[in-house]
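# Per-entry structural report
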Amino acid sequence: MAQAAPDANYIRDLFDRIAPVYDDLNQSLSFGLHKVWKQMAVDWSGAESRMNVLDVCCGSGDLALLLARKVGADGRVTGADFAVEQLAIAAQRAATRGYTTRTTWVEADALSLPFETNQFDALTMGYGLRNLINIPKGLSELHRVLKPNGKAVILDFHRPSSAFVKQFQQWYLDTIVVPTAQRCGLTEEYAYIGPSVDRFPMGSEQVALAQEVGFREAVHYPLVGGMMGVLVAQK
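So, here's what we can say about the structure. (Residues numbered from 1 in each chain as written. Predicted model: local features only at pLDDT ≥ 70, side-chain atom pairs only at ≥ 80, totals over all residues. Heavy atoms only, no water.)

### What about the pairing of strand β5 (residues 146–157)?
- Of the strand pairs in this sheet, strand β4 (residues 120–126) and β5 are connected by six bridges, and their pairing is parallel. Bridging across to β5, T124 finds its partner in V153.
- Alignment of β5 against strand β7 (residues 228–234), held across seven bridges, turns out to be antiparallel. The residue bridging D156 from the neighbouring strand is G229, located in β7. (Pairing = 2+ DSSP bridges. Helix = DSSP H or I, 4+ residues; strand = E, 2+ residues; numbered from the N terminus.)

Here you go:
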């Protein structure tokens with residue numbers, strides 16, 4: 001039986017605590033492949049020069065900074081997250097890359113985004129939907145702030161449908177993720193990943209949820225044998 005989902009305050013505090021080591025851990029735990037998956041998400045979003053785009057649950061800014069490169073000096077990227085420590089790191093990284101004038105960082109709840117309806121040309125969300133306490137509400141907010149025909153691209157961990165791949169995923173969590181987190185003193189912080197994946201809707205369920213909140217098209221692309229996936233939904 002899946003464990004009950006933690007509340008929003010717990011999740012926010014968790015991401016604030018891991019902020020200083022978040023990027024290094026992602027690099028180590030994914031063997032660098034997270035960069036490939038994030039670039040795929042940005043490419044699928046259709047972000048182009050001069051666009052106004054959004055990255056929800058932006059964390060330390062990986063996707064937002066890739067978007068900033070796509071939209072160019074005349075475009076705008078807004079990174080939204082409720083973990084202020086992550087936002088501070090994202091802003092520092094943007095400054096280092098010379099993206100300060102094209103990026104804005106906003107403390108925000110993904111279930112009640114502080115943006116106007118039909119505001120953004122495209123948006124991304126990386127490893128955020130799984131952590132929302134109300135996934136349909138989160139998808140509804142993404143739909144609301146997108147302009148007509150805009151795409152929302154959502155990258156996250158998933159439960160594989162294959163028993164063999166699921167067994168491998170559990171081995172990976174137990175043998176790679178947990179010991180690495182322990183060495184960094186973050187055992188509790190990373191223990192939530194397994195239960196959160198177990199609770200997360202499968203790809204076909206995500207497609208149905210996206211369509212229910214108003215997206216006219218939705219496709220889910222499994223990655224890494226189904227351990228990862230990308231939902232592409234068009235308004």
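### Thoughts on helix α10 (residues 203–212)
- Taken together, the buried positions of α10 are G203, Q206, V207, L209 and A210. Viewed end-on, α10 has its buried residues packed into an arc of 165°, placing them on one side of the element. Away from its buried face, by an angle of more than 90 degrees, α10 presents the exposed residues S204 and E212.
- Turning to α10, the residues buried within the fold contact α6 (135–145), β6 (217–223) and β7. (Buried < 20%, exposed > 50% of the residue type's maximum accessible area, 1.4 Å probe, protein only. Arc of directions from axis to C-beta. Contact = heavy atoms within 4.5 Å.)

### Concerning the environment of G128
- Assignment of secondary structure puts G128 in the loop between β4 and α6.
- Judged by its relative accessible area of 3%, G128 is buried.
- A C-alpha to C-alpha distance of 8.7 Å links G128 and A110, two positions 18 residues apart in sequence.
- Contact partners of G128, with chain neighbours within four places excluded, come to C57 and D156.

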